[in-house]
Amino acid sequence: QQIDKKARYYIKLAITTYEVKQHSDHDRYERLSRKMRMERDTMRYGRLQRIFDACLKRGQATILTVCDDAPDQDMASAILIWDANCLYYWVCSRSIETANPKPAIHGVNALLIWKAYEMAMEKGLIFDMDGFIARTDGYFKGEFGFHPFQRNYVTWGSPLWSAIFGVKSAFSRDIGFVDYR
């Protein structure tokens with residue numbers, strides 16, 4: 001992995017400024033997520049918690065949180081789940097507080113991603129960050145030296161296509177990987 005020197009700089013700065021804690025407190029994650037999303041919050045926290053709890057019972061989930069010195073000052077958090085092959089950077093949130101004058105604030109997301117990547121490497125798993133919507137997100141992930149690969153998602157289909165796919169799915173055991181978002 002060839003990490004970009006700007007990303008490396010921000011990670012090193014954040015490591016000296018913040019602490020990364022590993023925990024399983026879903027409510028703590030939810031508080032930060034609700035604070036970040038505010039009125040645009042479409043996250044289904046009940047479903048999220050049920051899936052997280054099921055993975056946690058199997059020993060296949062954790063939450064990483066980047067914390068500031070101040071009590072109750074979580075800067076960024078991510079829920080990680082894994083199976084036998086991959087560690088998934090499943091959902092994440094970050095603080096929208098801009099009053100913090102520390103320059104290391106730019107490195108909290110980078111630090112969180114890097115710690116999740118290290119955890120995947122320790123477990124001998126592939127690190128899967130899912131996709132990205134904006135080109136800038138892709139550039140940000142590229143700074144870590146990660147090599148993206150294309151996954152096609154069907155996000156809309158004509159009524160005819162939906163009917164054909166529905167019938168084909170009902171009678172085929174070998175439909176392959178299809179994900180709806």
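Residues numbered from 1 in each chain as written. Predicted model: local features only at pLDDT ≥ 70, side-chain atom pairs only at ≥ 80, totals over all residues. Heavy atoms only, no water.

### Details of the pairing of strand β4 (residues 86–94)
Across a regular strand the side chains alternate sides, sitting on one face of the sheet and then on the other.
Here's step 1: Both strand β3 (residues 74–82) and β4 contribute to a ladder of seven bridges, which runs antiparallel. Residue pairing across strands places I81 opposite Y88, the latter belonging to β4.
Here's step 2: Here three bridges tie β4 to strand β5 (residues 126–128), and the two strands are oriented parallel to one another. Its bridge partner being in β5, Y88 is matched across the sheet by D128. (Pairing = 2+ DSSP bridges. Helix = DSSP H or I, 4+ residues; strand = E, 2+ residues; numbered from the N terminus.)

### Re the pattern of salt bridges
Here's step 1: For the coordinates displayed, the defined rule picks out three salt bridges.
Here's step 2: Note that E30 is salt-bridged to R34, the shortest N-O span being 2.9 Å. Here the residue E30 and the residue R34 both occupy positions in helix α2 (residues 26–37), the gap between them amounting to four residues, near one helical turn.
Here's step 3: We classify E30 as buried; its relative accessible area is 15%.
Here's step 4: One salt bridge in this structure joins E118 and K115, with 3.4 Å as the shortest N-O distance. Here E118 pairs with K115, and both are found in helix α4 (residues 108–123), just three residues apart, close to one helical turn.
Here's step 5: Judged by relative accessible area, E118 falls into the partly exposed class, the value being 28%. (Salt bridge = Lys/Arg side-chain N within 4 Å of Asp/Glu carboxyl O. Buried < 20%, exposed > 50% of the residue type's maximum accessible area, 1.4 Å probe, protein only.)

### Here's the deal with α4
Here's step 1: With 16 residues, α4 extends 23 Å between its outermost C-alpha atoms, agreeing within 8% with the 22 Å of an ideal straight helix rising 1.5 Å per residue.
Here's step 2: Those residues of α4 not exposed but buried are V108, A110, L111, L112, I113, W114, A116, Y117, M119 and A120.
Here's step 3: Backbone geometry just after α4 places G124 at a positive phi near 70°. (Expected span 1.5 Å × (residues − 1).)

### Here we look at the confidence of the model for the protein
Here's step 1: Residues at a pLDDT of 70 or more form 69% of the protein, whose mean pLDDT is 78.
Here's step 2: Per-element confidence in the protein ranges from a low mean pLDDT of 61 for helix α5 (residues 135–142) to a high of 94 for strand β2 (residues 61–67).
Here's step 3: Confidence drops under a pLDDT of 50 for residues 174–181, and excluding neighbours within four residues, the segment shows 13 contacts in the predicted structure. (pLDDT = per-residue confidence, 0-100. Contact = heavy atoms within 4.5 Å.)

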